Amino acid sequence: MPAIANGLARRFRLTSVMLLVAASVGCSQLTSTAPEPVVTSTAIAASTVATEGLRPLELTDIMKFREISQRKLSDNQLWLVYTAEPDFGDSSGYVVNLQSGQQISVERGDKGQLNVDGSFALFRQQAPLLAREQAADKKARDALPQNAVLVNTATGASQLIANIDRFAFTGDGQYALLLERKSDAKATSQLLQALHLASGDLQTLAEVTDFSVAEKSGLVAYISQQQTADDDKGNDKPAQQQLQVWDSATATSYTAVEYAEHKLQQLQFNPDGDQLVVMAGPAKATLAETNQAEAAQQLWLWSLENKQAKQLDTSRPGWLLSEHATPRWSKDGKRLFIGHRPDLGSKPAKVEPPQTEAELYSIERLLADRRLQVWHGNDERINSQQKAEYKQALKRTAAAVIWLETLDMVLLSNDVEEQLLVTEHSEAQLISSGKPHLAQMSWNGRLHDIWHVNLRTGQRQQVFSANRSHERAHLSPSGRYVIYLQQDQYQLFDSVSGSTQPLAPDAPVSWVDEQNDRPMAAASYGVAGWLADESAVLVYDRFDIWALGLTGSVQKLTAGRSAQEQYRLQKIDEALALNPASPQLLRMYNEANKQYGFARLNLNDDLTSNVTVLLQGEKRYDFVEALDEFSPDQPHYLFTEQSFRQFPDLWLASADFSERQQLTELNPQQKEFIWGDSHLIEWTGATGEPLQGVLLTPDGYDASKPYPVVVYYYEKFSQRLHHFNQMKVNHRPNFPYYLGQDYLVFLPDIHFRPAAPGPSATESLVPGLQKLIDMGVADPKAIGLHGHSWSGYQTAFVVTETDMFAAAVSGAPVANMTSAYSGIRWQTGLARQFQYETGQSRIGQSMYENLQPYIDNSPVFFADKINTPMLIQFGDDDGAVPWEQGIEYYLALRRLGKEVVMLHYEGEPHHLQRYANKLDYSIKMREFFDHYLKGAPAPEWWTEGMPYQQYEK
């Protein structure tokens, strides 16, 4: 028998029911403060839901379930627009009055916008999906009508405005700007009109290439153009463009930039709406004529005060201002961030056809047509990563800031590899750079350095080096201090002294993930934020919030650990710091019973605190937005609540959550279908680890009989106890859909041991399912296993160690770690080595340091042990897992005479995108499980296969 990782014997080769020690199982208890530990039972009670009149979900029913997207509030926070978007079908737009709850719907509406006081809303209205599906090609689809719908929210009256490409309201809320669709595909401009909302008067502004509206005024900027006369050879000359600003409040127009042969772009108003910047550079035709590698931009500043734009000095020797860095205003309007790129000069001269016999045999000319890529051992990025990032690399810029009061430019970076982490800090910013660590990214994952940069002088100081990229740094409100975690300890950097010192080095708690099971440094739980006076910073441990004083004090602000209650600060605004005098909203999550909630944290001057639970229960609650303008008396919150039965609609709550109002009801049709209940299951893994999982049982569940079970998993899934299942047709089994077909669905947690990801899955799954068998809920002869990607790998491995599963579906699995180790993630171009040495695959050493665990954890080497019918799914454009891994697994099983089919979807990435393919896979997945778990006839594709098909591109 082959050796197993860490000497583990293949103890799980099963042919009959196993008796394993397991923890008791039970129901969670609701409490408003510290929940008691879960009390378990050995049985699941029969369902009390009558199924008469209910029907099981069909795939076409799943398609019609809708989700909330494109949500926006009016400035006074009295009105809300959102899009109700189905998985497949026509969207609907909605306007909601948050005070009355009244809703107005717009058929086929999306991309909703509101004017400042919510008196009017605009939606895009597409052609019906039926018409789009009937269109012969993209050109025909693009020719279908697209309109705008204007809604008067006071009266509910709507007005259709035909042939609109996009729209916007002026910042003062008096006008709607309407951009007509192009007259034909070759048109370079579109008609811009302004609709006065009160009177309905419509006026034409210009034919434009772009427009922008100020957020807090009635100003509208647009770029108009006119075609110039042909040159003396009859060739078209580049069009001339000008920038105009229209003050809708006074009906006054200003010419900000005169007509010239350049391209204007990147219109950006300042937050107050009285200043505007625009970039100007050579047009595409001019760039081609001059053979420039990249268009150097000018930056022009216009103000309502001066009326005429002036060019800002952004010159930087050897560099050019880049159009790829959108100018970004600070919210106080005092700073403007821009980006430069190195000036690459002219493009290489184009190789002309040979004119003579000698030129025909020119080696230089012939070599110009070569197609060569060089993979050098010392490359910072391997060639595939360079290719994947090529277009992105052409847009990387080095940051600079312009101070608007003086128009002085301060250079912040000299390297396009550096990333300025822009915040609203006025004196300093942080810069992240992974450049020194690029080469080791292939095996060690992403590392970065952090620099502190002074915005007034450009002076830089290194804060840390070679930290994991997920470990960020956090500027204090003044920009003086930086807190960060490195080597499990918080550090405080002082930019004034340049010194670094540990912060709370003797704190009796771990700041990093106590449950980390990957072969890399554990991630920190995170920083909640600074206090406004910089006396302390709030940080998290696994459960609680702590205040770390800059003078060395340590104060725990919550008491969640004993009850396994996790507290996290909910940020409700964009403030740089926390005001300790104001109550702080907290999110709650209980690791033991999976309850969610909200609480209030009150801080005293001495940082003592008290916590009041506002809302908690057997649901999941998620904060959406704070409404400070909604009520003069107290803030209100938008939030969602959900459970396995309850879709996460939007709710409105008072500050203490004592008053709650449901605002939306996206899926009233759910009451027509068989759904189900979720139950928390507990057991002990084969290595003694306590584990949890979620068992889903259908409406009408009969506790007296065992059921077929579909297992779906990844790493940890017990947190889904109170989650509504996303209603989409995709690569996953839809849970309510399977419940309606009289299945149970099991979502177990997996505990991973070092260097043994495959056996770990078996050690967790088999005892968990044995628990269900012992409880009498699972039919031991009808258990199906489904996994995708990482759990696709686990599925492919688990069946080498156990015959417990009647059928298994493995989507996009790694089958052979020895070949996958040096494979490529083609979407990013990264080598896969880091995944094994430091990441999810959890081996912890290179294949050259220790080959054995790569073999021991590769299912392809133990394919002869598999007796489970296997359905493999792969897309041949998978950018995460090389699809050849699926071929290796398929060929091994085929050679050994095992029952196997691989579904190969052409042109598909890691997760199926083409709707027909998602639908096909969902159908075949259920037919496969129905056959092996319920005794249904085998589908023809399983018994007979299907010959190669040639599809049209």
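How each quantity is defined
- Residues numbered from 1 in each chain as written.
- Predicted model: local features only at pLDDT ≥ 70, side-chain atom pairs only at ≥ 80, totals over all residues.
- Heavy atoms only, no water.
- Helix = DSSP H or I, 4+ residues; strand = E, 2+ residues; numbered from the N terminus.
- Rg over C-alpha atoms; globule rule 2.2 N^0.38 Å.
- Buried < 20%, exposed > 50% of the residue type's maximum accessible area, 1.4 Å probe, protein only.
- Contact = heavy atoms within 4.5 Å.
- Areas by Shrake-Rupley, 256 points an atom, 1.4 Å probe, with all protein chains shown as cover.
- Phe/Tyr/Trp six-rings, centres within 6.5 Å; stacked < 30°, edge-to-face > 60°.
- Lys NZ or Arg CZ within 6 Å of the ring centre and 35° of its normal.
- Salt bridge = Lys/Arg side-chain N within 4 Å of Asp/Glu carboxyl O.
- Axes fitted to C-alpha atoms, helices over the stretch in contact; angles between N-to-C directions.
- Parallel < 35°, antiparallel > 145°, perpendicular 65-115°, else oblique.
- Nonpolar A, V, L, I, M, F, W, Y, C, P; charged D, E, K, R; others polar.
- Polar contact = N/O pair within 3.5 Å; in protein donor to acceptor, adjacent residues only side chain to side chain.

### Some words on the overall build of the chain
Tallying secondary structure elements over the chain gives 18 helices and 56 strands in all. Relative to the compact-globule value of 30 Å for 953 residues, the chain shows a C-alpha radius of gyration of 31 Å, a close match. Out of the 953 residues belonging to the chain, those deemed buried represent 54%. Intrachain contacts of the chain at a sequence separation of at least 6 include 57% that bridge at least 24 residues. Of the roughly 42,500 Å² of accessible surface on the chain, 47% is carried by carbon and sulfur atoms.

### Things to note about the packing of aromatic side chains
The geometry of an aromatic ring pair comes down to the distance between the two centres and the angle between the two planes. According to the stated counting rule, one finds 41 aromatic pairs in the structure shown. Judged by centre distance (4.8 Å) and plane angle (45°), the ring pair of Tyr589 and Tyr596 falls under tilted. For the residue pair Tyr589 and Tyr596, the accessibility class agrees, reading buried in each case. Aromatic pair Trp790 and Tyr793: ring centres 5.2 Å apart, planes at 25°, arrangement stacked. On the criterion of helical spacing, the pair formed by Trp790 and Tyr793 is a turn pair, its members being three residues apart in helix α12 (residues 790-798). Of the two residues examined, Trp790 and Tyr793, each falls in the buried class. Three or more aromatic residues joined by ring pairs make a cluster, and in this case those are Tyr737, Tyr738, Tyr743, Phe928, Phe929, Tyr932, Trp941 and Trp942. The ring of Trp451 has Arg460 sitting right over it, with the charged end atom 4.9 Å from the ring centre.

### Remarks on the pattern of salt bridges
Summed over the entire model, instances satisfying the criterion amount to 37 salt bridges. Across the pair Arg396 and Glu417 runs a salt bridge, and its minimum N-O distance is 3.9 Å. Highlighted residues: Arg396 in the loop between α8 (390-393) and β25 (398-403) and Glu417 in the loop between β26 (408-411) and β27 (419-421), separated in sequence by 21 residues. Within the structure, one salt-bridge network assembled from shared partners comprises Glu514, Asp541, Arg542, Arg561 and Glu591.

### Observations regarding the packing of helix α11 (residues 757-775) against α12
Axes are the key here: two packed helices are described by the angle between their axes and the distance separating the axes. Direction vectors running N to C along α11 and α12 enclose 80°, while the axes themselves pass 9 Å from each other. Taken together, the axes of α11 and α12 lie roughly perpendicular to each other. Contacts from Pro757, Gly758, Pro759, Ala761, Thr762 and Leu765 in α11 reach Trp790, Tyr793, Gln794, Phe797 and Val798 in α12. When grouped by side-chain class, the residues that make up the contact of α11 with α12 number eight nonpolar, three polar and no charged.

### Description of the side chain of Asp541
Looking at the secondary structure, you find Asp541 in the loop between β36 (536-540) and β37 (545-549). A distance of 3.2 Å separates polar atoms of two side chains, one belonging to Asp541 and the other to Trp546. Reaching out from Asp541, the side chain makes a polar contact with the side chain of Arg561 at a distance of 3.4 Å. Those residues within four positions of Asp541 in sequence are excluded, and the remaining contacts are Val509, Ser510, Trp511, Tyr525, Trp546, Arg561 and Arg568.

### Some words on unusual backbone geometry
The bulk of non-glycine residues show a negative phi, and the bulk of peptide bonds are trans. Even without a glycine there, the phi angle at Gln266 is positive, about 60°. Of note, Gln266 is situated in strand β18 (residues 263-269). In this structure Gln266 comes out as buried when scored by relative accessible area, which is 18%.

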